[in-house]
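A structural walkthrough
Each chain is listed here by its residues.
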Amino acid sequence: AAAGGLVAAVAAHADYHVWRRYAWHLVGAVTVLLIVPLLPFTHAVAPTINGARRWVDFGFITIQPSELAKFAVVAWTAMLAAKKGEEIRTFRRGILPFVVIVAPITLLIFLEPNLSMAVLVALLAGVVLFTAGARIGHFLAMAVLATPVLYGAVASAQYRLARILTFLNPGDAPAEATWQVHQSLVGIGQGRFFGVGFGQGQQKLGYLPYAYSDFIFSTIGEEWGFVGVAILAALFGVFLWAGFRIARTAADPFGQYLAAGLTAMIGASALLHIGVSLAVVPATGVTLPFISYGRSSMLVALVATGVLVSVGRRRH
């Protein structure tokens, strides 16, 4: 948090156009980091954790490249969308170049494996393109083409298929398949209106797996109750309002697209995390920005906030 806050302060005072100049470098660096865990001879720096290789250990710090990919893809998409202008409404010169770059990045994330993060990165690129004026018909066409690919990705892994089937038919699923979501709902239910008290939650003591990261919202609900989660939701709502207001009044198209993409990055992550905790979307491993344990997630969220401040300081 301290390191991220320092970087965020520097980003807030710097000219946000620096991200436009170095967007290609940023995407290139992130792509290399995403390739490292997939190589068979890099287990020393990219060990397998919980059945996946999603982290790169530099010795003094461990980072998750897919978290950095969210920021890199938003900055790069905003840069190219601003450069193309009205061409963004065409498919061959507008949408296709983005697909050529973003699709391999999402594929690398999927191979970690991390399907939810891959979908989120693609979604963020789509938000930036939509902000830039891309046609709805092109999005619909790509959604139709991506549907069988997404279905195959889910069906190819037993745990992904189990998550979907558990979400659709929770009553018919075995107890071990619904354990996390059930314990999450138990924790939120125990919180009632005012919560059981800070630090007094019981679900995090071995009942709810990853209560400090993937299900931190449930822990907050148990300890702070409805009042606590309502305040948390209101804070994210204020963040989204401020972020999109900055985007609407940005000084140039790049600032507009960049601010919209970064705001969506925070908002989509928060909505997915809360949705998983409340069992309204299938279980995924998405962190709650600023709250969940995870250095890469915290760093990216704080830097994104700093860049948003930079865009806001230079708006009309």
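Heads up: the structure comes first, above all this text.
Residues numbered from 1 in each chain as written. Predicted model: local features only at pLDDT ≥ 70, side-chain atom pairs only at ≥ 80, totals over all residues. Heavy atoms only, no water.

With that settled, the discussion passes to the side chain of Ser213. Residue position: Ser213 is located in the loop between α9 (179–191) and α10 (216–248). Those residues in contact with Ser213, other than ones at most four positions away along the chain, are His273, Thr287, Ser292 and Tyr293. (Helix = DSSP H or I, 4+ residues; strand = E, 2+ residues; numbered from the N terminus. Contact = heavy atoms within 4.5 Å.)

Geometrically, a packed helix pair is captured by the angle between its two axes and the distance between the axes. Packing of helix α4 (residues 65–84) against helix α6 (residues 115–132) brings their axes to within 9 Å, and their N-to-C directions diverge by 20°. By the angle class used here, α4 and α6 are roughly parallel. Our pair here, α4 against α6, has a crossing hand that is right-handed. Seen from α4, the contacting residues are Ser66, Glu67, Lys70, Val73, Val74, Thr77, Ala78 and Ala81; seen from α6, they are Met117, Leu120, Val121, Leu124, Ala125, Val128, Leu129 and Ala132. Its residues placed into classes, the contact of α4 with α6 shows twelve nonpolar, two polar and two charged. (Axes fitted to C-alpha atoms, helices over the stretch in contact; angles between N-to-C directions. Parallel < 35°, antiparallel > 145°, perpendicular 65-115°, else oblique. Left-handed = near helix turned anticlockwise from the far one by under 90°. Nonpolar A, V, L, I, M, F, W, Y, C, P; charged D, E, K, R; others polar.)

Put simply, α10 and helix α12 (residues 295–313) touch, their axes get as near as 9 Å, and they point 45° apart. Looking at the two axes, α10 sits oblique to α12. Relative to α12, the crossing made by α10 is left-handed. Across the interface between the two elements, Phe239, Gly243 and Ile246 of α10 pack against Thr305, Leu308, Val311 and Gly312 of α12. Residue composition of the contact of α10 with α12, by class: four nonpolar, three polar and no charged.

In this section: the environment of Ala268. Tracing the chain through its elements places Ala268 in helix α11 (residues 253–277). Here Ala268 falls in the buried class, since its relative accessible area comes to 17%. (Buried < 20%, exposed > 50% of the residue type's maximum accessible area, 1.4 Å probe, protein only.)

As a further point, take a nonpolar patch on the surface. Residues Phe91, Leu96, Val99 and Val100 make up a contiguous nonpolar surface patch of roughly 300 Å² in combined accessible area. You can see Val100 is positioned in helix α5 (residues 91–110). (Patch = residues over 30% accessible without salt bridge, like charges linked within 9 Å, V, L, I, M, F, W, Y side chains within 5 Å. Areas by Shrake-Rupley, 256 points an atom, 1.4 Å probe, with all protein chains shown as cover. Salt bridge = Lys/Arg side-chain N within 4 Å of Asp/Glu carboxyl O.)

All right, on to unusual backbone geometry then. Cis rather than trans, the peptide bond between Glu112 and Pro113 has omega equal to 5°. The residue Pro113 is located in the loop between α5 and α6 in this model. The phi torsion at Phe290 lies on the positive side, around 75°, for a residue other than glycine. Topologically, Phe290 is positioned in the loop between α11 and α12. For Phe290, a relative accessible area of 27% corresponds to the partly exposed category.

Turning to the packing of aromatic side chains, a few remarks are in order. The description of an aromatic ring pair rests on the distance of the ring centres and on the angle between the ring planes. Taken as a whole, this structure holds eleven aromatic pairs when the rule is applied. Taking 6.3 Å as the distance between ring centres and 65° as the angle between the ring planes, the aromatic pair formed by Tyr210 and Tyr212 counts as edge-to-face. Judged by its relative accessible area of 30%, Tyr210 falls in the partly exposed class. Chaining the aromatic ring pairs together yields one cluster made of Trp24, Trp76 and Phe98. (Phe/Tyr/Trp six-rings, centres within 6.5 Å; stacked < 30°, edge-to-face > 60°.)

Fair warning: the whole summary comes from geometry, so function is off the table for now.
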